[in-house]
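The lines below spell out each chain.
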Amino acid sequence: MNEHFERLLVRAEALIARLESILPQPLGVPDWGASIAFRYRKRGAHGVLEPVRHVATIRLEDLQQIDEQKAKIQRNTERFVRGLPANNVLLTGARGTGKSSLIKACLNAYADQGLRLIEVDKADLTDLPDIVDVVAPRPERFIVFCDDLSFEEGESGYKALKSMLDGSVAAASPNVLIYATSNRRHLLPEYLRENLAVTHTDDGEVHPGEAVEEKISLSERFGLWVSFYPFSQDEYLAVVRQWLRHYGVDEAAIEAARPQALVWALERGSRSGRVAYQFARDYVGRQADASA
């Protein structure tokens, strides 16, 4: 009898363990001292905050030709770490112009003042309330970072982010801001047919249709919009020079590399800070190979 009972107990414990493995669990508290940056990751039904072991070392001074954008983001971030009112930020515009790099540079600049970063994929934005609950009691200031953000029709993360930004009955924690980057200002796809619902009053006032209103409402909940633009040729070459100097290339060699830098951008169909950085790395690597 006892042996039969013990077998039932073992089977029951195994069943409970299997159920616990698939049921959602409270978000665990990470080792906050392990890093200044964390990634939120899903492991089955469980979410975890993983420390980033190798944080990008980019500095604010490394980012050139975006001085106006840099000043806006830096002012907002500095107010945030000082405990002053600050806004959630949407950085939009041309690819490779420094949107994500600027956020990482701000993290490095203000980490010693208590700034921390949590990167969250758009697929996991439905778990934002759990993340905020974990960080709310902490003394640090947290930027929740969503990179390359855009949504398709019906994605659940859209509603969750919209509610978190402004609209939930629960007030946002004062030590959390959301910084998001996107290649487009309105984060949902827009279609020509939706403009047919726009109405005009007799005095010329325009009233967007409900579909258009819905698609612009998320962007409007970010308090600060910062736009980035494609680089001109001179701006691109200035960034190339900056990165080549960073790698120790002398001025004469930098000037001689100018035609190669232009061809590099032409082949990629883009002039941006990212393309300039990639060219500089390639150029320095080729020079090292040639002298080996």
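Quick note: structure is the one above.
In this text the structure is predicted, and so the values were computed from the model without any measurement.

Caption draft 1: Spatial organisation of the packing of helix H7 (residues 233-246) against helix H9 (residues 258-268). Here H7 crosses H9 at 115 degrees, and the two axes come no closer than 11 Å. Every pair of crossing elements has a handedness; the one defined by H7 and H9 is right-handed. Only Arg-258, Ala-261, Leu-262, Trp-264 and Ala-265 of H9 make contact with H7, whose side of the interface consists of Gln-233, Tyr-236, Leu-237 and Val-240.

Caption draft 2: Inspection of the packing of aromatic side chains at higher detail. Inspection of every chain in the model, using the stated rule, returns 5 aromatic pairs. A ring pair is formed by Trp-32 and Phe-38, whose centres lie 5.1 Å apart and whose planes are at 70 degrees; its orientation type is edge-to-face. What makes Trp-32 buried here is its relative accessible area of 9%. Pairing Phe-279 with Tyr-283 gives two aromatic rings, centres 5.9 Å apart and planes at 35 degrees, and the pair type is tilted. One end of the pair is Phe-279 and the other is Tyr-283, both in helix H10 (residues 273-291) and 4 residues apart, which spans about a single turn. Across the pair, exposure class does not vary: Phe-279 and Tyr-283 are buried alike. Feature note: the residues Trp-32, Phe-38 and Phe-142 constitute an aromatic cluster, connected by ring pairs. Here Arg-268 stacks its cationic end above the ring of Trp-264, 3.4 Å away from the centre of that ring.

Caption draft 3: Region of interest: the sheet that holds strand E4 (residues 115-119). The strand order across the open sheet built from 7 strands is E2-E1-E4-E5-E6-E3-E9, with neighbouring strands paired in mixed fashion. In this open sheet, the two strands that pair with only one neighbour each are strand E2 (46-51) and strand E9 (224-228). Each strand axis lies, on average, 25 degrees off the axis of its neighbour in the sheet, ignoring direction. Inspection of the sheet shows strand E1 (residues 37-43) paired to E2 by 6 bridges, in the antiparallel sense. The residue of E2 that forms the bridge with Arg-39 is Glu-50. Where helix H3 (residues 99-110) meets the sheet, it contacts E1, strand E3 (89-93), E4, strand E5 (141-146), strand E6 (176-182) and E9, and its direction lies at approximately 145 degrees from that of E4. Against the sheet, helix H4 (residues 128-135) engages E1, E2, E4, E5 and E6, with an angle of about 140 degrees to E6.

About the criteria used
- Residues numbered from 1 in each chain as written.
- Predicted model: local features only at pLDDT ≥ 70, side-chain atom pairs only at ≥ 80, totals over all residues.
- Heavy atoms only, no water.
- Axes fitted to C-alpha atoms, helices over the stretch in contact; angles between N-to-C directions.
- Helix = DSSP H or I, 4+ residues; strand = E, 2+ residues; numbered from the N terminus.
- Left-handed = near helix turned anticlockwise from the far one by under 90°.
- Contact = heavy atoms within 4.5 Å.
- Phe/Tyr/Trp six-rings, centres within 6.5 Å; stacked < 30°, edge-to-face > 60°.
- Buried < 20%, exposed > 50% of the residue type's maximum accessible area, 1.4 Å probe, protein only.
- Lys NZ or Arg CZ within 6 Å of the ring centre and 35° of its normal.
- Pairing = 2+ DSSP bridges.

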